[in-house]
Amino acid sequence: MSAAVEGPELEAVAPAAEDASEAVDAASRALPFLGGNRLSLDLSPGGCHSLLHLCVQQPLQLLQVEFLRLSTHEEPQLLEATLARVPRSLSRLRSLVLTGGQRRDTLGACLRGALTALPAGLSGLAHLAHLDLSFNSLETLPACVLQMRGLGALLLSHNYLSKLPEALGALPALTFLAVTHNRLQTLPPALGALSTLQRLDLSQNLLDTLPPEIGGLGNLRELNLASNRLQSLPASLAGLRSLRLLVLHSNLLASVPASLAHLPLLTRLDLRDNRLRDLPAELLDAPFVRLQGNPLGEASPEAPSSPGAAFVPEMPRLFLTSDLDSFPVTPGGCSVTLACGVRLLFPAGATITPITIRYRLLLPEPGLVPLGPHDALLSRVLELQPHGVAFQQDVGLWLLFTPPRAWRCREVVVRTRNDSSWSDLETFLEEEAPKIWSLHVPSWPCLDPGSSDCPPRLSQRLWAHCQVPHFSWFLVVSRPISNACLVPPEGTLLCSSGHPGVKVIFPAGATEEPRRVSMQVVRMAGRELRALLGEPEATVSPLLCLSQSGPPNFLRPVTVQLPLPSGVTGLSLDRSCLHLLYWAPPAATWDDITAQVVLELTHLYARFQVTHFSWYWLWYTTKNCVGGLARKAWERLRLHRVNLIALQRRRDPEQVLLQCLPRNKVDATLRRLLERYRGPEPSDTVEMFEGEEFFAAFERGIDVDADRPDCVEGRICFVFYSHLKNVKEVYVTTALDREAQAVRGQVSFYRGAVPVQVPEEAEAARQRKGADALWMATLPIKLPRLRGSEGPRRGAGLSLAPLNLGDAETGFLTQSNLLTVAGRLGPDWPAVALHLGVSYRELQRIRHEFRDDLDGQIRHMLFSWAERQAGQPGAVGLLVQALEQSDRQDVAEEVRAVLELGRCKYQDSIQRTGLAPKDPEGPGSSAPQPSEPAQA
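(A) Focus on the overall build of the protein. Across its full length, the protein holds 16 helices and 50 strands. Looking at the protein as a whole, 51% of its 936 residues are labelled buried. Within the protein, residue pairs in contact and separated by at least 24 positions form 63% of the contacts whose partners lie at least 6 positions apart. If you sum the accessible surface of the protein, you get close to 42500 Å²; carbon and sulfur atoms cover 51% of it.

(B) Just helix H9 (residues 666-673), in detail. Residues of H9 that are buried: Val666, Thr669, Leu670 and Leu673. All buried residues of H9 lie within an arc of 95° about the axis, which places them on one face of the element. The inward-facing, buried residues of H9 contact strand E38 (639-649), strand E39 (655-662) and strand E40 (677-678).

(C) Spatial organisation of helix H14 (residues 854-868). The terminal C-alpha atoms of H14 lie 22 Å apart, and with 15 residues this matches the ideal 21 Å at 1.5 Å per residue to within 8%. Among the 15 residues of H14, 11 are classified as buried, and the element is accordingly described as predominantly covered. Every buried residue of H14 is accounted for by Gly856, Gln857, Ile858, Arg859, His860, Met861, Leu862, Phe863, Ser864, Trp865 and Ala866.

(D) Structural view of the sheet that holds strand E27 (residues 492-495). If you trace the five strands from one edge of the open sheet to the other, you get E27-E28-E32-E36-E35, paired in antiparallel fashion. Bordering the open sheet on either side are E27 and strand E35 (600-601), each of which pairs with just one other strand. As judged from the three bridges shared by strand E28 (residues 503-506) and strand E32 (residues 558-563), these two strands associate in the antiparallel manner. What sits directly across from Ile505, in E32, is Thr559.

(E) Quick look at the sheet that holds strand E24 (residues 462-468). Read from one edge to the other, the open sheet built from six strands follows the order E13-E15-E16-E20-E24-E23, with strand pairing classed as mixed. In the strand order of this sheet, the two ends are held by strand E13 (317-319) and strand E23 (428-430), each with one partner. Strand-to-strand twist of the sheet, defined as the mean angle between neighbouring strand axes without regard to direction, takes the value 20°. Here four bridges tie strand E15 (residues 334-337) to strand E16 (residues 343-346), and the two strands are oriented antiparallel to one another. Bridge pairing in E16 places Ser335 opposite Leu345.

(F) Structural detail: the nonpolar core. Grouped together as the largest cluster of nonpolar side chains are 76 residues, with contacts concentrated most on Leu223 and Leu271. Sorting the residues of this core by element identifies strand E2 (38-41), helix H3 (47-57), strand E3 (67-71), helix H4 (76-89) and strand E4 (95-99) as the ones contributing at least two each. Of the residues forming this core, the biggest block, five residues, is contributed by H3. Once residues within four sequence positions are removed from consideration, Leu223 is found in contact with Leu200, Ile214, Leu237, Leu240, Leu243, Leu245, Leu246 and Val247. By size, the runner-up hydrophobic cluster in this structure holds 33 residues, among which are Val504, Leu546, Leu580 and Ala606.

(G) Examining the confidence of the model for the protein more closely. Per-residue confidence for the protein gives a mean pLDDT of 78; residues scoring 70 or more make up 80%. Confidence drops under pLDDT 50 across residues 299-313; counting only partners more than four residues distant or on other chains, this segment forms 14 contacts. Here residues 764-772 scores under 50 on pLDDT; set against residues more than four positions off or in separate chains, the count is 11 contacts.

(H) Main features of the pairing of strand E17 (residues 355-362). In this structure, strand E14 (residues 326-329) lies alongside E17, joined through four bridges in antiparallel fashion. Considered in E17, the bridge of Ser326 is made with Arg358. In this structure, E17 lies alongside strand E19 (residues 381-385), joined through five bridges in antiparallel fashion. Within E19, the position partnered with Leu362 by the bridge is Val381.

(I) Structural view of the environment of Arg515. Along the chain, Arg515 turns up in strand E29 (residues 515-522). Once the C-alpha coordinates of Arg515 and Pro551 are considered, the two residues, 36 residues apart in sequence, prove to be 8.8 Å apart. Separated by 3.0 Å, the side chain of Arg515 and the backbone oxygen of Pro551 make a polar contact.

(J) Representation of the side chain of Arg824 in the model. Within the element layout of this structure, Arg824 appears in helix H11 (residues 815-825). Here Arg824 is in contact with Asp652, Gln655, Asp705, Tyr731, Arg888, Val891 and Glu894, once residues within four sequence places are set aside.

(K) Looking closely at unusual backbone geometry. Note the cis peptide between Gln385 and Pro386, where omega equals 5°. Inspection of the secondary structure assignment puts Pro386 in the loop between E19 and strand E20 (395-401). Of note, His158 is a non-glycine position whose phi angle comes to about 55°, a positive value. Within the fold, His158 resides in the loop between strand E6 (153-155) and strand E7 (176-178). A positive phi is found at Arg700, a non-glycine position, where the angle reads about 65°. Relative to the assigned elements, Arg700 resides in the loop between strand E42 (693-699) and strand E43 (702-704).

(L) Structural detail: the environment of Ile781. Here Ile781 shows up in strand E48 (residues 775-783). Note: C-alpha distance between Ile781 and Ala646 (135 residues apart in sequence) is 8.0 Å. Those residues in contact with Ile781 that sit more than four places away from it in its chain are Ala646, Gln648, Val656, Phe698, Ile702, Val743, Arg744, Gly745, Gln746 and Val747.

(M) Spatial organisation of a positive patch on the surface. On the surface, Arg650, Arg678, Arg744 and Lys782 cluster together into a positively charged patch. Following the sequence through the fold, Lys782 ends up in strand E48. Of the residues examined, Lys782 reaches a relative accessible area of 40% and is grouped as partly exposed.

Basis of the calculations
- Residues numbered from 1 in each chain as written.
- Predicted model: local features only at pLDDT ≥ 70, side-chain atom pairs only at ≥ 80, totals over all residues.
- Heavy atoms only, no water.
- Helix = DSSP H or I, 4+ residues; strand = E, 2+ residues; numbered from the N terminus.
- Buried < 20%, exposed > 50% of the residue type's maximum accessible area, 1.4 Å probe, protein only.
- Contact = heavy atoms within 4.5 Å.
- Areas by Shrake-Rupley, 256 points an atom, 1.4 Å probe, with all protein chains shown as cover.
- Arc of directions from axis to C-beta.
- Expected span 1.5 Å × (residues − 1).
- Pairing = 2+ DSSP bridges.
- Axes fitted to C-alpha atoms, helices over the stretch in contact; angles between N-to-C directions.
- Core = buried A, V, L, I, M, F, W, Y, C linked by side-chain atoms within 4.5 Å.
- pLDDT = per-residue confidence, 0-100.
- Polar contact = N/O pair within 3.5 Å; in protein donor to acceptor, adjacent residues only side chain to side chain.
- Patch = residues over 30% accessible without salt bridge, like charges linked within 9 Å, V, L, I, M, F, W, Y side chains within 5 Å.
- Salt bridge = Lys/Arg side-chain N within 4 Å of Asp/Glu carboxyl O.
- Lys, Arg positive; Asp, Glu negative; His and termini not counted.
- Charge placed at Lys NZ, Arg CZ, Asp CG, Glu CD.

Written as structure tokens, this is what we have:
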């Protein structure tokens, strides 16, 4: 058919196809998406344009199409014009899928399509039996849908529907109706007239009642009403004699009809997380009933203030301060907010007897954090004890984290240790605080209390929420999107949700027993690859990782489908330039297996068969030796370009801040710090792996405080994590005479074992140019000359009796520790004094009494306050809090480190004397991990 048949709508939205030759070219580009009687145009942009051109040309294949998939992420006018031509050109359609959801927002959530209505002409699709309008912006059901008399399946999930029309009950062939994640508040009575309906899914709506007519659905087999506001159920549900599955969890039900126990075919009744306090005996003892999360047997709660009010369980609420590391939990349950920003919800009945829970927030050391090749850590490590104690009901856990900038094809999960292995929990991301705390917690605490950017704005932080059956170690990880399935002996299909073109086809007989398989897909930017290879035309496919449980090999070959490298099509590529690479851990090399497999190429994809799983990668390049290049590209995917900085506090140059941070965060970090710090420019760019360990060392007359628990032979130990702060503030000293001259030294950053001697700055710069350089950066440090010696030396002339603050079990500060704190406050001491509760009058008296002695002012204030606090619980916590509120996070962190070191020594001593059993040891460590200055 010639271009002369173009309609006015095509001329309006596709003016580029003004002659027949251009229309033929556009139609030919759409033909690869046409296979048999299926036309899939939802996986790539421009689907509407392609369909319009096909409708103009009317190729013979188009007349056979029965299944059409089209994305609704298009301009509304273009989408309307395209759909108007469908009834005339594809009159034999049996299935029409018009969905959004192929694109994601910055948080990784699926975006809805632009579809708000359908053209009336679609009612002319006489053979249509399946219509999917999910993930769109429908506010009312299009009138043409109600005229599709042959419709058997109607999917309307993830729209904005607030009600369903009465005419919906007149669809005589409807067997499946899904209206999940909408805004339905009521249901039409005519819904009960759908006598052929077998599956009805109305979950995630706002329903508070059900019409009695719903009992007329005599053929209904599955009914899902989860996550609504139902407070009661009609007795007419007893008429659902064919019902096998009834899902009612997460509602407000106080009771259910006893007649549900007499449904003859019912095999599962889900009543979790309701208000049920009593239940008919027939249901209470039935094995198919799930009742977790209900206060069965307890007294009736007070009615909510309004019919639609959300139900918040009445239970104890605990808010722990920084000096508490344990709390009690009773069978009645409680909600807990830890000082580190973690939240826990223990439902009633989670534990049978009272139990004491202990927690620690640990630095992410390499032996403790299990990261995959392309994982990124988003939080510190939370340890909850006692380990392994099974709860009667799952405990809710909320961890606060800062989301990464790049969310494309990545997801966030909570990772936990179970026995000797780590696993990822089912994780939900929440932008708002959980309802249980929303009225009681004014702001979000963060995982790094006291940091300069805490508390954060709501847009800066997210909650990672999961349910945990027992306690162990927990952390938040960003990873490539993982898809998994259980492969039965009958075979199945596994698709990637982040890359729709990546598929794995398991034939029947591939396994004798069901086994679980999973896939991850990683994308590499073409710009980085071309820069690495120096070849403008080089390109690669997404990197595919396949893993499985059970035996390593399959009984029959499994077919893997990968998209061809970007910019390459199956009709134009040079096969001699296409390479299939394979990598199996723990080998460090990539093998070219192109000659060992049969590559089946289509216009967009390459398919091949394997019998066991590992990593697979398609490369298109003219290079001959691809394996070594792939290794470099693999490492580039895992590398981060970072800079190191060393800044000295303006008021006290002995306070040195060391930080390693990604290159794109350097400028913003320096702008924030330079009001309080000064120092050299950031180092040259260094490449570093996620989780890599490195050191910082001071030389030429400058030494670091060796009492730090992270100080190894005078060197500070770091571990780099791209999304954490990687910052430490240290106190440096010198053995030289600073009264005579300023002291010039340096701090050097390096990898590997501790060397005997750090080289001169020029030598370090030369060595850094090597491929695997040990030295990463060397930055100068200068301690200025002291201004005279007439004042008393630090620590001399104490006028107060020596004392200790705190106790050995929870951690204490000795007189020496207090002197160190006093010596580092400098001119900031009045702010610290006011936050400690020292009156302004007393502060002025101290200033007058020690008019010419700043050290004397500080020592007198601090020791006077400590003397008043002797024997008082929580005194050390008050000091740490006052330091943080006075913007002296550096001193606060060192106090925490001293306390943790003391607690560890105390625990070790009582264990050595046999006074207490040893705590379970953390994975990868032989002793409890001491706290250090925050890196989160």
